[in-house]
Amino acid sequence: MKQYLLAVYSEEGGADALSQEEMQRAYQAVDAFNGAVQAAGAWVFAGGLHPPNTATVVRVRDGDVLMTDGPFAEGKEYIGGFWVIKAEDLDAALAWAARATQACAAPIEVRPLQEETED
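Quantities reported herein were computed from a predicted structural model and do not represent experimental measurements.

**Looking at the nonpolar core**
Generally speaking, a soluble globular protein has its nonpolar side chains buried in company with each other. Formed by 19 residues in total, the largest nonpolar core has its most connected members in L6, F33, W83, I85, W96, I108 and V110. Taken together, the elements giving at least two residues each to this core come down to β1 (2-11), α1 (20-39), β5 (77-87), α2 (90-104) and β6 (108-112). Counting residues per element, this core draws most heavily on α2, at six residues. Not counting residues up to four positions away in its chain, the partners in contact with I108 are L6, A7, V8, W83, A97, A100 and T101.

**Digging into α1**
With 20 residues, α1 extends 29 Å between its outermost C-alpha atoms, agreeing within 8% with the 28 Å of an ideal straight helix rising 1.5 Å per residue. When we look at burial in α1, the residues that qualify are M23, V30, F33, N34 and V37. Viewed along the axis of α1, the buried residues span an arc of 105°, placing them on a single side of the element. Of the exposed residues in α1, those oriented more than 90 degrees away from the buried face are E21, Q28, D31, A32 and A39.

**With respect to the pairing of β5**
Pairing of β1 with β5 involves ten bridges; the strand directions are antiparallel. Within β5, the position partnered with L6 by the bridge is W83. Summarising the sheet, strand β2 (residues 43-48) and β5 pair through five bridges and their orientation is antiparallel. Across the sheet, residue G47 finds its bridge partner in β5, namely F82.

What counts, and where the lines are drawn
- Residues numbered from 1 in each chain as written.
- Predicted model: local features only at pLDDT ≥ 70, side-chain atom pairs only at ≥ 80, totals over all residues.
- Heavy atoms only, no water.
- Core = buried A, V, L, I, M, F, W, Y, C linked by side-chain atoms within 4.5 Å.
- Buried < 20%, exposed > 50% of the residue type's maximum accessible area, 1.4 Å probe, protein only.
- Helix = DSSP H or I, 4+ residues; strand = E, 2+ residues; numbered from the N terminus.
- Contact = heavy atoms within 4.5 Å.
- Expected span 1.5 Å × (residues − 1).
- Arc of directions from axis to C-beta.
- Pairing = 2+ DSSP bridges.

Below, the structure is given as structure tokens:
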């Protein structure tokens, strides 16, 4: 079975616009979605991410390792969380993404993980 990344896209300040009640409903909906993914045996891993201003970029330049505070790419949209799921094919992964976007009320980007090759 293939694995897919379901990336949740958030907008800068988007969560701040939600009331406490709306936030609670979203958490409950995501918990229910997580339970459905786990019950179906499609669960691999999931997690929420802190905002981009908490990021540190680590890179090598001319043999030196450089560390920079802040996100790699500046923008209004950022990955706020993700699921890694198992699915038979892209259509099955997209069906999960349709349920995920309803649960978290945010856009979901679906990408297949690269398959390991045997040596």
